[in-house]
Amino acid sequence: MGQPLEKSYQINGIQQIGIGCKDVHQSWAWYRKAFSMDVPVFEDEATANLMTRYTNGKAESRHAVLAMNMQGGGGFEIWQFTSRTPGAADFEIQPGDLGIYAAKIRVRDLGRAFEHLKGCGATILTAPSKAPNKVGTFFIKDPFDNVFQIVEDSNWFSENTAPTGGVLGVVIGVSDLEKSIPLYRDTLGFSVVHYQEEAVFADMPGEAKTFKRALLSMPCEGNPGAFGALLCPAQIELIEVKGRETKQIFKDRLWGDLGFIHCCLDVNGMRNLKKKAGEEGFPFTVDSEDSFDMGSASGHFGYLEDMDQTLIEFVETHRVPILQKWNLYLNLKNRNHKKNLPKFLVKLLALNRVKA
């Protein structure tokens with residue numbers, strides 16, 4: 001089951017999934033309609049000066065929106081190059097290819113979500129079925145060729161009429177399941193192993209292949225951190241395909257090109273996490289070192305690569321707008337990082353909601 005995290009740092013949940021797109025406003029409009037990602041935390045235009053390691057040595061400009069679903073779960077960082085045309089993979093991405101294959105979206109009612117997403121124009125990849133842990137699920141593809149796994153879940157922050165919640169987790173293709181698990185289980189705290197199996201799985205999209213699969217999650221007794229209750233306990237599913245040559249999803253492409261560019265974890269104790277990850281053989285490849293600004297929000301961010309060069313981002317939030325038009329901001333640097341913010345205060349974010 002792995003060792004518990006050291007007290008010197010904590011993982012508070014999946015903050016967001018980065019999605020590279022051609023047109024940030026077009027993509028966000030669809031994600032508001034389909035996934036109720038309608039509450040912006042920030043919208044910002046800037047140059048990604050610290051990411052040149054992953055953009056061929058050139059600092060590229062971008063426009064990004066971080067949007068949340070207030071029922072609970074991680075958000076989407078919808079990310080568009082403004083200094084270049086983003087590139088797509090020159091092959092059809094399949095389950096088991098190396099990198100983030102799908103984002104998991106939490107729902108209460110699988111049937112309602114299925115009809116809703118079909119009505120939004122999503123491409124249905126699989127019919128509703130059961131995952132190996134007997135939880136209801138199906139896969140879709142959005143109009144921009146990104147794959148999402150829709151999953152029944154019982155962890156929520158609040159309730160409204162939206163048919164889906166936010167991000168539950170990610171499905172990551174790996175080359176060696178057993179060697180990949182320790183980073184996520186032991187270092188990053190996804191310490192609950194729900195299943196680890198090898199089989200031909202009926203719920204997986206595409207042609208029938210044998211997969212090794214491991215579903216890991218955070219403990220479900222409640223996330224720490226300022227926004228831990230909103231983020232809800234998260235999952236990471238690692239999949240290794242057998243009998244097929246895999247491809248690197250972002251091979252010969254840039255971070256920021258089309259697709260899932262990173263999985264971002266919300267953390268406290270960034271420097272201690274960096275030290276621990278380095279000791280485990282996963283050094284930070286990018287580190288903002290101190291506070292960075294994302295428009296009205298600020299914090300400390302870093303990146304590491306897993307065994308197959310999938311990018312995991314970490315953000316330690318220092319300042320975040322609650323109600324920007326009233327100049328209401330929260331400074332999080334000096335508060336007790338183990339405690340959630342009062343629920344009423346987090347719910348004020350919903351006053352920034354943008355209509356679908």
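This write-up is about the structure you can find in this document. Residues take numbers from 1 onward in each chain, read along the sequence in its written order. Two thresholds apply to this predicted model, a pLDDT of at least 70 for residue-level local features and 80 or more for giving and counting side-chain atom pairs, whereas whole-chain, interface and lining totals are computed over all residues. Only heavy atoms go into the side-chain values, all of them from the structure, while hydrogens and water stay out.

1. Comments concerning the overall build of the protein chain
- Along the backbone of the protein chain there are 6 helices and 19 strands.
- Computation of the radius of gyration draws on C-alpha atoms alone. For the globule rule, the value is 2.2 Å times the number of residues to the power 0.38. For 356 residues, the compact-globule estimate of 2.2 N^0.38 gives 21 Å, and the protein chain sits close to it at 19 Å.
- Each principal axis of the C-alpha atoms in the protein chain carries an extent, and together these give about 55 × 45 × 45 Å.
- Only protein chains enter the accessibility calculation, which uses a 1.4 Å probe; a residue whose area is less than 20% of its type maximum is buried, one above 50% is exposed, and one in between is partly exposed. Classification of the 356 residues of the protein chain by burial places 59% in the buried group.
- All accessible areas in this document rest on Shrake-Rupley with a 1.4 Å probe, and a residue is counted as covered only by the protein chains that are shown. For the protein chain, the exposed area adds up to about 14,600 Å²; of that, 48% sits on carbon and sulfur atoms.
- Charged residues are defined here as Lys and Arg on the positive side and Asp and Glu on the negative side; His and the ends of the chain fall outside this count. A charged residue contributes its charge at one atom only: NZ of Lys, CZ of Arg, CG of Asp or CD of Glu. The average position of the 40 basic charges and that of the 43 acidic charges among the side chains of the protein chain differ by 5 Å. Secondary structure elements are defined from DSSP: runs of H or I of at least 4 residues count as helices, runs of E of at least 2 residues count as strands, and each element is numbered from the N terminus.

2. Quick word on the pattern of salt bridges
- Only one rule defines a salt bridge in this text: a Lys or Arg side-chain nitrogen within 4 Å of an Asp or Glu carboxyl oxygen. One pass over the structure, following the stated rule, counts 17 salt bridges.
- Across the pair Lys 212 and Glu 178 runs a salt bridge whose closest N-O atoms are separated by 3.4 Å. Highlighted residues: Lys 212 in strand E12 (residues 210–217) and Glu 178 in helix H3 (residues 177–187), separated in sequence by 34 residues.
- Given a relative accessible area of 41%, Glu 178 falls into the partly exposed group.
- Notably, a salt bridge pairs Glu 280 with Lys 276, separated by 3.3 Å at the nearest N-O pair.
- By relative accessible area, Glu 280 is classed as partly exposed at 40%.
- Since its relative accessible area comes to 17%, Lys 276 is described here as buried.
- It is possible to trace a salt-bridge network through shared partners that takes in Lys 104, Asp 203, Arg 213 and Glu 237.

3. A few points about the nonpolar core
- Working definition of a nonpolar core: buried Ala, Val, Leu, Ile, Met, Phe, Trp, Tyr and Cys residues. They are joined through side-chain atoms within 4.5 Å. Grouped together as the largest cluster of nonpolar side chains are 59 residues, with contacts concentrated most on Phe 35, Phe 76, Phe 148, Ile 150, Leu 265 and Phe 314.
- At 6 residues, helix H1 (residues 24–35) tops the list of elements feeding residues into this core.
- Counting residues in each nonpolar core, the second largest holds 34 residues, with Leu 231, Cys 264, Leu 330 and Leu 332 among its members.

4. Comments concerning helix H5 (residues 270–279)
- Along H5, the residues that are buried comprise Met 270, Leu 273, Lys 276 and Ala 277. Relative to the axis of H5, the buried residues are bounded by an arc of 125° and lie together on one face. The outward face of H5, more than 90 degrees from its buried face, is lined by the exposed residues Arg 271, Lys 275 and Glu 279. By arc we mean the arc of the directions from the helix axis to the C-beta atoms, nothing more.

5. Topic: the state of the cysteines
- When two cysteine sulfur atoms lie within 2.5 Å, the pair is treated as a disulfide. Taken as a whole and assessed by the stated rule, the structure comprises 0 disulfides.
- With no disulfide of its own, Cys 21 has Cys 264 as its nearest cysteine by sulfur position, at a separation of 17 Å.
- With no disulfide of its own, Cys 263 has Cys 264 as its nearest cysteine by sulfur position, at a separation of 7.4 Å.

6. Some points on the environment of Val 41
- Following the sequence through the fold, Val 41 ends up in strand E2 (residues 39–47).
- You can call Val 41 buried: its relative accessible area is 12%.

7. What to know about H1
- The end-to-end C-alpha distance of H1, which contains 12 residues, comes to 15 Å, matching closely the 16 Å that a straight helix rising 1.5 Å per residue would cover.
- Looking at H1, one finds that the buried residues are Val 24, Ser 27, Trp 28, Trp 30, Tyr 31, Arg 32, Ala 34 and Phe 35.
- Here a polar contact is taken to be a pair of N or O atoms separated by no more than 3.5 Å, where protein atoms must pair a possible hydrogen donor with a possible acceptor and residues adjacent in sequence count only if both atoms sit in side chains. Sitting at the head of H1, Asp 23 places a side-chain oxygen 3.0 Å from the backbone nitrogen of His 25.
- The first or second residue beyond H1 is Ser 36, which carries a positive phi of 55°. Given the number of residues in a helix, its expected span is that number minus one, multiplied by 1.5 Å.

8. Points about unusual backbone geometry
- One non-glycine residue with positive phi stands out, namely Asn 56, at about 55°.
- For Asn 56, the position within the fold is in the loop between E2 and strand E3 (61–68).
- Residue classification places Asn 56 among the exposed residues on the basis of a relative accessible area of 69%.

9. Here we look at the side chain of Asn 12
- Relative to the elements of secondary structure, Asn 12 occurs in strand E1 (residues 10–20).
- Contacts between residues were defined by any pair of non-hydrogen atoms, one from each residue, lying within 4.5 Å. Look past the residues within four positions of Asn 12 in its chain and what remains in contact with it is Met 218, Asn 223, Pro 224, Gly 225, Gly 228, Leu 231, Asp 266, Val 267 and Asn 268.

10. Section: the packing of aromatic side chains
- Each aromatic pair joins two rings of Phe, Tyr and Trp (for Trp, the six-membered one) with centres within 6.5 Å, and gets the label stacked for planes under 30 degrees apart, edge-to-face for over 60, and tilted for any other angle. As enumerated under the stated definition, the model contains 18 aromatic pairs in all.
- Between Tyr 31 and Phe 148, the aromatic rings sit 6.1 Å apart at their centres with planes inclined by 65°, giving edge-to-face as the arrangement. Of this pair, Tyr 31 sits in helix H1 while Phe 148 sits in strand E9 (residues 147–152), placing them 117 residues apart in sequence.
- Tyr 31 gets classed as buried once you look at its relative accessible area, which sits at 1%.
- Seen from their ring centres, Phe 148 and Phe 260 are 5.6 Å apart, and the 85° between their planes marks the pair as edge-to-face.

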